[in-house]
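Residues per chain are reported as follows:
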Amino acid sequence: MQDKAELRMTMYKGHVDHANIWQYQPIDWHTWKFRVWPNYDFDVPMAVATQRIILFAAKIANKIGDRI
């Protein structure tokens, strides 16, 4: 498995790609690192954790929901 720093950057790039596909402004690196990344769940399969973290970032970027 990738080390955590490399995985964090890979996931951030996935978020940026997702934002480009769905045409919304991606969050910045600082927000990703300190607000989104701490929510990455290493205890579930990587595919599930990846989906969850990308959608969580999209919610932050689009200000969806009352609490994030």
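The model shown is predicted, which means the values in this text are computed figures rather than measured ones.

The rules behind each value
Residues numbered from 1 in each chain as written. Predicted model: local features only at pLDDT ≥ 70, side-chain atom pairs only at ≥ 80, totals over all residues. Heavy atoms only, no water. Salt bridge = Lys/Arg side-chain N within 4 Å of Asp/Glu carboxyl O. Helix = DSSP H or I, 4+ residues; strand = E, 2+ residues; numbered from the N terminus. Phe/Tyr/Trp six-rings, centres within 6.5 Å; stacked < 30°, edge-to-face > 60°. Buried < 20%, exposed > 50% of the residue type's maximum accessible area, 1.4 Å probe, protein only.

A. Expanded view of the pattern of salt bridges. Under the definition given, this model contains one salt bridge. Between Arg 52 and Asp 41 there is a salt bridge, with the nearest N and O atoms lying 3.9 Å from each other. Taken together, the residues span a long stretch of sequence, with Arg 52 in helix α3 (residues 46-62) and Asp 41 in the loop between α2 (29-36) and α3 at a distance of eleven residues.

B. Here's a closer look at the packing of aromatic side chains. For the coordinates displayed, the defined rule picks out five aromatic pairs. Residues Trp 37 and Tyr 40 carry aromatic rings whose centres are separated by 4.7 Å and whose planes lie at 20° to one another, so their mutual orientation is stacked. Like Trp 37, the residue Tyr 40 is buried in the burial classification. Each ring, one from Trp 37 and one from Phe 42, has its centre 5.9 Å from the other, and the planes form 80°; the classification is edge-to-face. Overall, Trp 37 belongs to the buried group, its relative accessible area being 9%. Looking at Phe 42, the relative accessible area reads 36%, which means it is partly exposed. Here the aromatic cluster, defined as three or more aromatic residues joined through ring pairs, consists of Tyr 12, Trp 29 and Trp 32.

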